[in-house]
Amino acid sequence: MRKGALEQNPSHQKTVKTFDLETYLKGKQQKVNAALVKLWEDAHTPPTPLIPAMQYSLLGEGKRLRPILCIAACEAVGGREAEVMPAACALELIHTYSLIHDDLPAMDDDDFRRARPTCHKAFDEATAILAGDALLTAAFEALADAGRRERRETLKWLEAIYLIARAAGCFGMVQGQMMDVSSEGKVISLEELKELQQLKTGALIEASVRTGALLGGGSSQEMAALGVYGRHIGLAFQVADDILNVEGKPEMLGKPVGSDQALQKATGASLMGLEQAKARAAELIDSALEEIKIFGTKKEPLAALARYVIEREK
Ligand code: GRG
């Protein structure tokens, strides 16, 4: 999708030739999935559907974009994948909780997610609400546990907890979702839409990149550059999502398209038109690529991930 706009830009083409994103994504997805599977491996809990419902949604076909961005940012500043893995998992736990709650009848009332029935369809509504609650709590448990184990790094983990909490709660994703719910069926301006999207989707993506840079030991210059990179790709991700909701393929997305229009949701595609939305997404990615030039060859995974954000088909 949308390759046309990018192919005219030589900096994008270079990334494609020099870096095999598909192999990179598969390798990272496998490692993240292995870490996620382990989370409740030895758990001795009452035989309720809670953990099965959490695992059902978590271990579905997700792209693992937020954990991979976190790892890529960590490695770009010289950190190691293993040390940042608890944060990478925490980001996916929070993201999965948000998807479960977003799909509930009181919100978007969706039947399919990650190529299977949504959590409340596969289980029931109460179980889906509780599975989401438990995933959110488990994320902060994983972060705090890493912080108390890494005694020399406890302060860094505390900073990561703060950063992620700010991005997930009433200053970030939940606020964005509230704005989204409140704006259904109403006319909102492009500026209001940008704020809504930055909070609802952009904030957690930006926090994923920032957390990786922080835990990887990035300098203040590196952290600043990655923060701006994260902000731009976070916004571009949502614009791309709006476009996919109009012209994506349901078999690739694992869910039907057209739901935004059915719910009369304001989106980049509805307010700007598809072509302008595509141009905006490409501009945002160009700005993100500019920021990471300071990393030299180490920027390649991040550059390829930025392109992927708007070229993906799911
Ligand atoms: C319910 C508190 C609360 C928040 C919900 C992020 C969000 C806020 C809702 C998701 C609704 C949605 C479909 C938003 C569009 C952007 C988005 C987050 C898409 C799904 O993320 P992907 O594409 O999904 O990374 P996978 O399944 O690959 O992880």
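Check the entry above for the structure.
Attention here is on the structure that accompanies the text. (Residues numbered from 1 in each chain as written. Predicted model: local features only at pLDDT ≥ 70, side-chain atom pairs only at ≥ 80, totals over all residues. Heavy atoms only, no water.)

1. Let's talk about the environment of Asp109
What counts, and what does not: Numbered from the N terminus, helices here are DSSP runs of H or I no shorter than four residues, and strands are runs of E no shorter than two. Residue burial is assigned from relative accessible area. The probe radius is 1.4 Å, only protein chains are included, and a residue is buried under 20% of its type maximum, exposed over 50%, and partly exposed in between. Throughout, a residue-residue contact means that at least one pair of heavy atoms, one from each residue, lies within 4.5 Å.
On the secondary structure map, Asp109 appears in the loop between helix H6 (81-103) and strand S1 (112-113). Of the residues examined, Asp109 reaches a relative accessible area of 43% and is grouped as partly exposed. Between the alpha carbons of Asp109 and His120 there is a distance of 9.4 Å; along the sequence they are eleven residues apart. Setting aside residues no more than four positions away along its own chain, Asp109 makes contact with Asp102, Asp103, Leu104 and His120.

2. Here's the deal with the nonpolar core
As a reminder of what qualifies: In this text, buried Ala, Val, Leu, Ile, Met, Phe, Trp, Tyr and Cys residues form a nonpolar core when linked through side-chain atoms within 4.5 Å.
Membership of the largest hydrophobic core comes to 44 residues, with the highest contact counts inside it found for Trp40 and Ile94. Breaking this core down by element, the ones donating at least two residues are helix H3 (21-38), helix H4 (50-58), helix H5 (65-76), H6, helix H8 (125-149), helix H9 (154-168) and helix H11 (190-215). Among the elements that take part in this core, H6 stands out by supplying eleven residues, more than any other. Apart from residues no more than four positions distant in its own chain, Trp40 is found in contact with Ile51, Met54, Gln55, Leu58, Leu93, Leu135 and Ala138. Ranked by size, the runner-up nonpolar core spans 40 residues in total, among them Ala73, Ile292, Leu302 and Ile310.

3. Thoughts on the pattern of salt bridges
Just so we agree on the cut-off: Throughout this description, the term salt bridge denotes a Lys or Arg side-chain nitrogen within 4 Å of a carboxyl oxygen of Asp or Glu.
Scanning the entire structure with this criterion turns up 22 salt bridges. The closest approach of N and O atoms between Glu81 and Lys28, which form a salt bridge, is 2.7 Å. Residue Glu81 is located in helix H6, and its partner Lys28 is located in helix H3; the two are separated by 53 residues in the primary sequence. As far as burial versus exposure is concerned, Glu81 and Lys28 are alike and both buried. A salt bridge links Arg307 to Glu311, with the shortest nitrogen-to-oxygen separation between them at 3.0 Å.

In short, geometric facts, not functional conclusions.
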